[in-house]
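Structural features, examined
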Amino acid sequence: MKQAYSIFTLVRNALSYHQDWQEAWRSPEPKREYDVLIIGGGGHGLATAYYLAKEHGITNVAVLEKGWLGGGNTGRNTTIVRSNYLWDESAHLYEHSLKLFEGLSQDLNYNVMFSQRGLMNLCHTEHDMQATRRRVYAIQMNGIDSEMLTREQVQEMVPILDCSPKARYPVLGASLQRRGGVARHDAVAWGLARKADERGVDIIQNCEVTGFDIVNGVVKGVQTTRGAIGAKKIGIVVAGHSGVMAGLAGFRLPVESHPLQALVSEPIKPILNTVVMSPQVHVYVSQSDKGELVLGAGIDAFTSYAQAGSPPVIENQLNALTDLYPCFSRLRMLRQWGGIVDTCPDASPIIGKTPVENLFINCGWGTGGFKATPGSGNVFAHTIARGEPHPLAVPFALERFTTGYLIDEHGAAGVAH
Amino acid sequence: MFVINCPYCGPRDEHEFGYGHEAHIARPTLEQQGTMSDAEWANYLFLRTNTKGVHFERWVHTKGCRRWFNVARHTVTHEILKVYKMGEPKPDISAENLPR
Ligand SMILES: Cc1cc2nc3c(=O)[nH]c(=O)nc-3n(C[C@H](O)[C@H](O)[C@H](O)COP(=O)(O)OP(=O)(O)OC[C@H]3O[C@@H](n4cnc5c(N)ncnc54)[C@H](O)[C@@H]3O)c2cc1C
Ligand SMILES: [Zn+2]
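As annotated in an unreviewed UniProt entry, chain B is Sarcosine oxidase subunit delta from Dongia sedimenti.

Under the annotation held in an unreviewed UniProt entry, chain A carries the name Sarcosine oxidase subunit beta and is attributed to Dongia sedimenti. You can read under Subcellular location (unreviewed entry) in the UniProt record for chain A the words "Cytoplasm".

**A few points about the packing of helix 2 (residues 43-56) of chain A against helix 3 (residues 88-108) of chain A**
Residue and element names in this part refer to chain A. At a closest axis distance of 15 Å, the pairing of helix 2 and helix 3 adopts a crossing angle of 75°. Compared by their axis directions, helix 2 and helix 3 come out roughly perpendicular. Facing Tyr50, Tyr51 and Lys54 of helix 2, the residues of helix 3 in contact are Leu100, Leu104, Asp107 and Leu108. Here the contact of helix 2 with helix 3 is built from residues that sort into 5 nonpolar, no polar and 2 charged.

**Some thoughts on the sheet that holds strand 3 (residues 18-22) of chain B**
Residues and elements named next belong to chain B. The 4 strands lie next to each other as 3-4-5-6, forming an open sheet whose pairing is antiparallel. The open sheet has two edge strands with one neighbour each: strand 3 and strand 6 (80-85). Strand-to-strand twist of the sheet, defined as the mean angle between neighbouring strand axes without regard to direction, takes the value 30°.

**Structural notes on the packing of aromatic side chains**
Residues and elements named next belong to chain A. As enumerated under the stated definition, the model contains 15 aromatic pairs over all chains in all. Relative to Phe370, the ring of Phe101 lies with its centre 5.7 Å away and its plane at 55°, an arrangement referred to as tilted. With Phe101 in helix 3 and Phe370 in the loop between strand 18 (359-363) and helix 9 (373-386), this pair connects stretches of sequence that are 269 residues apart. Its relative accessible area of 1% is what places Phe101 among the buried residues.

**Quick look at the sheet that holds strand 14 (residues 283-287) of chain A**
Residue and element names in this part refer to chain A. In spatial order, the strands read 5-6-4-13-14-15-12-16; together these 8 strands make up an open sheet with mixed pairing. The open sheet has two free edges, formed respectively by strand 5 (147-150) and strand 16 (333-343), since each of these has just one partner strand. Taken pair by pair, the neighbouring strands of this sheet meet at an average axis angle of 25°, ignoring direction. Summarising the sheet, strand 4 (residues 119-123) and strand 13 (residues 275-278) pair through 3 bridges and their orientation is parallel. For Met120, the partnering residue across the bridge sits in strand 13 and is Val276. Sitting on the sheet, helix 4 (residues 126-141) is in contact with strand 4, strand 5 and strand 6 (173-177), with an inclination near 145° to strand 5.

**Digging into the pattern of salt bridges**
Residues and elements named next belong to chain A. Overall, the coordinates contain 21 salt bridges over all chains when judged by the stated rule. In this structure, Arg26 engages Asp197 in a salt bridge whose closest nitrogen and oxygen atoms are separated by 3.0 Å. A residue pair is termed long-range when its members are at least 10 positions apart, and Arg26 in the loop between helix 1 (7-15) and strand 1 (33-39) and Asp197 in helix 6 (residues 185-198) qualify at 171 residues. Taken together, the shared-partner salt bridges connect Glu95, Lys99, Glu102, Asp145 and Arg179 into one network.

**Some remarks on the coordination of the zinc ion (ligand 2)**
Octahedral metal centres with six donors ideally show angles of 90 or 180 degrees, and tetrahedral centres with four donors ideally show 109.5 degrees. Residue and element names in this part refer to chain B. With distances of 2.0 to 2.3 Å, the protein atoms coordinating the zinc ion (ligand 2) are Cys6 (SG), Cys9 (SG), His61 (ND1) and Cys65 (SG). Read in sequence order, the donor residues for the zinc ion (ligand 2) give the motif C-x2-C-x51-H-x3-C. Here Cys6 is found in strand 1 (residues 3-6), whereas its partner Cys65 is found in the loop between strand 4 (54-60) and strand 5 (68-74), with 59 residues between them in sequence. Overall, Cys6 belongs to the buried group, its relative accessible area being 2%.

**As for the nonpolar core**
A general feature of soluble globular proteins is that nonpolar side chains tend to end up buried together. Residue and element names in this part refer to chain A. Membership of the largest hydrophobic core comes to 47 residues, with the highest contact counts inside it found for Ile38, Leu46, Leu52, Val61, Phe101, Val201 and Ile351. Elements supplying a minimum of two residues to this core: strand 1, helix 2, strand 2 (61-64), helix 3, helix 6 and helix 9. Ranked by residue count, the leading element in this core is helix 2, at 7 residues. When near neighbours in sequence (up to four residues on either side) are disregarded, Leu52 contacts Val36, Ile38, Gly57, Ile58, Val61, Ala381, Ile384 and Ala385. By size, the runner-up hydrophobic cluster in this structure holds 31 residues, among which are Tyr34, Val219, Phe251 and Val255.

**Digging into the pairing of strand 1 of chain B**
Residue and element names in this part refer to chain B. By the alternation rule, side chains of strand 1 split into Ile4 and Cys6, which are all buried, and Val3 and Asn5, of which none is buried. Here 4 bridges tie strand 1 to strand 2 (residues 10-13), and the two strands are oriented antiparallel to one another. Bridge pairing links Asn5 to Pro11 in strand 2. In this structure, the hairpin formed by strand 1 and strand 2 is closed by a connection of 3 residues.

**Let's talk about the interface of chain A and chain B**
Tallying the contact residues gives 26 residues for chain A and 24 residues for chain B. Approximately 2,000 Å² of surface area, both sides summed, lies buried where chain A meets chain B, with 58% of it carried by carbon and sulfur atoms. Every element with two or more residues in the side of chain A that touches chain B is listed here: helix 7 (242-249), strand 12 (256-265), helix 8 (311-324) and helix 10 (400-403) of chain A. For the side of chain A that touches chain B, the per-class residue count stands at 14 nonpolar, 9 polar and 3 charged.

**Quick notes on the site of ligand 1**
Residue and element names in this part refer to chain A. Around ligand 1 there are 39 residues in total, and Glu65, Asn73, Thr74, Thr78 and Lys371 lie nearest to it. Contacts to ligand 1 include Glu65, whose side-chain N or O atom sits 2.6 Å from an oxygen atom. Between Asn73 and ligand 1, the recorded distance is 2.8 Å, taken from a backbone N or O atom to an oxygen atom. Coverage of ligand 1 by the protein amounts to 97% of the 1,000 Å² it exposes when considered alone. The element contributing the most residues to the shell around ligand 1 is strand 12, with 3 residues. Partitioned by chemical class, the residues of the shell around ligand 1 number 15 nonpolar, 19 polar and 5 charged.

Conventions used here
- Residues numbered from 1 in each chain as written.
- Chains lettered and ligands numbered in written order.
- Predicted model: local features only at pLDDT ≥ 70, side-chain atom pairs only at ≥ 80, totals over all residues.
- Heavy atoms only, no water.
- UniProt positions renumbered as here; feature names shortened; annotations may be inferred.
- Axes fitted to C-alpha atoms, helices over the stretch in contact; angles between N-to-C directions.
- Helix = DSSP H or I, 4+ residues; strand = E, 2+ residues; numbered from the N terminus.
- Parallel < 35°, antiparallel > 145°, perpendicular 65-115°, else oblique.
- Contact = heavy atoms within 4.5 Å.
- Nonpolar A, V, L, I, M, F, W, Y, C, P; charged D, E, K, R; others polar.
- Pairing = 2+ DSSP bridges.
- Phe/Tyr/Trp six-rings, centres within 6.5 Å; stacked < 30°, edge-to-face > 60°.
- Buried < 20%, exposed > 50% of the residue type's maximum accessible area, 1.4 Å probe, protein only.
- Salt bridge = Lys/Arg side-chain N within 4 Å of Asp/Glu carboxyl O.
- Donors = N, O, S within 2.8 Å, 3.2 Å for Na, K, Ca; no water.
- Core = buried A, V, L, I, M, F, W, Y, C linked by side-chain atoms within 4.5 Å.
- Buried area = accessible area lost by both parts, 1.4 Å probe.
- Near = heavy atom within 4 Å.
- Polar contact = N/O pair within 3.5 Å; in protein donor to acceptor, adjacent residues only side chain to side chain.
- Areas by Shrake-Rupley, 256 points an atom, 1.4 Å probe, with all protein chains shown as cover.

This is the structure we're talking about:
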């Protein structure tokens, strides 16, 4: 059993100079065979393993991670969580995840610092207003909180935003999801890892999958940098490297890998207590608990596996930032980085079976999968355990690119987040 | 950031160019279109090689001559290995036989 984290354990461990904390998870040698192997130790892979153990009683599971836990997009994103998607299929899936986020700290006994500080999408033109209104109504019809704000209401919530009529990008209004917000990305990965480990899941870092053992169209195991490992079922959850994994297993995906960049400023006193996105001007910003502004925008256009993008993207984003918030113009930026995101033609994920039997895939979350971490793992665990897609995952099968039933969320996901 | 050597204008900064994604995807002929299965359409429209390594792709010099051309570029190092014109065959470059 894991020692529960609480104020009492904190005090007790303080008395022993924090020398006696239990390890958060073991680092076992891989076994020769597992019931289920999860490839990819990001949030989605860890959540899948956690829910396999918790909800389906499947505990003979290993998560194989080529680097360190959460070192992929899970530890590189700008942590925005929301469920205000246009289409019913997405709305239900992301809302499922948002609801899990609302109970996650309790469920994991780990503070994921989920802060429902609200999330605003600015409108700069009359057309923007109409499209946003339509989206807000569609979201409300799905029973998800969403509302329109007038320019005055926006100005009241975000006084530093230039809402004057002569602004370069005038603000006409915004949509607001009050239950949206941010969470601590590392904590999500670590909390899921700790609880999955507690239920018997082996978390194996520095273990890269380099090939699949496939016999007569059925997957039997993987080759890794730490030897061959057999498995009854395997789930691929590698985000930017999905195309590479599919290639090793002999099929193709409608996915392209792109750099997505983000940056943070020097820390400043509290100045912004909500998340503000501008899909048109292409920047989004929130303030972390440490006081840094966390800034993101869109992908670099070219295909890439380098976790770095090009400066023009950053330049555009900072231009947009200083146009909208003139008071940020003298702020210095501290760090800038990139992740590789797996983008789908319809900006929606792929969850389900592959052409190889017993091999499942969960990918294509692209620029916006952090918010989906618990929900994605939850429905993917169900899909792997039952061998049939979770009802919420049915529309997200790979087959939709053959049937033409795309879930086009480009409109609702105008910028990366 | 990289510099792309436009075959018509010479070396220019990346931001002058637009990206046209994977090259050498042949549009089905009218005749093929009549008999193509949904899976074949999916393959043409959506499925991509998404290579980690040498990738063959199209670029357009949007803020220059506005002409299209092909590029062989390494998707990990971003090194451009070859620029060649539309219609020319895919050059024989792979991660193993990189020209040095
Ligand atoms: C800059 C940036 C900002 C973002 N902002 C947001 C945001 O605000 N809100 C939001 O919802 N989403 C955001 N996203 C997207 C979000 O980060 C991802 O969709 C999500 O984290 C994907 O989680 P994952 O677990 O699938 O992938 P990852 O965390 O990338 O995990 C995949 C793991 O697979 C491992 N792997 C790869 N190949 C192999 C192999 N061969 N063998 C073993 N392991 C392998 C990798 O090392 C990696 O750790 C952002 C992304 C980026 C890059
Ligand atoms: Zn040119």
